[in-house]
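Overview (structure and organization)
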Amino acid sequence: VFWIQKPIFIQISFFVTLFTFYVWPTLEQRFGWKDSHLAICTADAFGLGAFSVLGTQKPIGMDLKNPLAWVLSGLISSCFGGITRDVLCSQKPRVLYPDRTLYATPPLLGSISYTLLNLYSQLNTETVASIAFLVTFLFRVLCFGNPIRMP
């Protein structure tokens, strides 16, 4: 398992968890921040973008030849962390709110972007990943407070 071979991932997760656990109550109390605050939503959009790209890259790196699996892996990887977060916080998962901002669509578009660029362009992996990240991140940011909804 990759995180056993490279403990930096566990270390980052540990320090971010501690930081969030101790700093979030102060931010909430001092500044009145809620989970819908722009800073929190932007950080969430950043995570969606990152995990959309990483999730799409994983089956490609495993030499899986099914582009649909690449897209689904990116979508599931990016959305599952948010679902887990919301369930652990006893909240209804954001991805299940059809009446709120789009949540799963931006990482879906990012994964599709990565897949199409990977298959049909001559761009290097870093450029493809950057473009797919930006598609996900920017589309999610544009959805903040926007009335666009999925049925």
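Presented here is a report on the structure given in the accompanying data block. Keep in mind that this is a model prediction, so the values were computed, not measured.

Relative to the elements of secondary structure, Ser78 occurs in helix H4 (residues 67-88). Residue Ser78 is classed as buried on the basis of its relative accessible area, which comes to 5%. Polar side-chain contacts of Ser78 include one of 3.0 Å to the backbone oxygen of Leu75. In this structure Ser78 touches Leu48, Phe51, Ser52 and Pro107, once residues within four positions along its chain are discounted.

What follows concerns helix H5 (residues 105-120). Compared with the 22 Å implied by 1.5 Å per residue over 16 residues, the 22 Å span of H5 between its first and last C-alpha is a close match. Within the sequence span of H5, burial applies to Thr105, Pro106, Pro107, Gly110, Ser111, Ser113, Tyr114 and Thr115.

The next thing to look at is the environment of Gly32. Tracing the backbone shows Gly32 in the loop between helix H2 (8-31) and helix H3 (38-61). For Gly32, a relative accessible area of 44% puts it in the partly exposed group. Taking the C-alpha atoms as reference points, Gly32 and Asp44, separated by 12 residues in sequence, lie 18 Å from one another.

Another aspect to go through is the layout of surface pockets. Taking a probe equal in size to a water molecule and rolling it over the atoms shows the remaining empty space. In this structure, the largest pocket spans a volume of roughly 2,000 Å³. Taken together, 42 residues make up the lining of the largest pocket; nearest its centre are Val16, Gly47, Phe51, Gly81 and Arg85. Elements supplying a minimum of two residues to the lining of the largest pocket: helix H1 (2-5), H2, H3 and H4. Sort the elements by how many residues they give to the lining of the largest pocket and H2 lands first, with 13 residues. Of the residues that constitute the lining of the largest pocket, the class distribution is 21 nonpolar, 13 polar and eight charged. Considering only enclosed or pocket space, the second largest pocket measures out at about 150 Å³ in volume. Split into classes, the residues belonging to the lining of the second largest pocket amount to four nonpolar, three polar and four charged.

Basis of the calculations
Residues numbered from 1 in each chain as written. Predicted model: local features only at pLDDT ≥ 70, side-chain atom pairs only at ≥ 80, totals over all residues. Heavy atoms only, no water. Helix = DSSP H or I, 4+ residues; strand = E, 2+ residues; numbered from the N terminus. Buried < 20%, exposed > 50% of the residue type's maximum accessible area, 1.4 Å probe, protein only. Polar contact = N/O pair within 3.5 Å; in protein donor to acceptor, adjacent residues only side chain to side chain. Contact = heavy atoms within 4.5 Å. Expected span 1.5 Å × (residues − 1). 1 Å grid on protein atoms, 1.4 Å probe; cavity = no way out; pocket = protein on both sides within 12 Å on 5 of 7 lines; lining within 4 Å. Points joined across faces, edges and corners; volume = space filled by probe spheres on them. Nonpolar A, V, L, I, M, F, W, Y, C, P; charged D, E, K, R; others polar.

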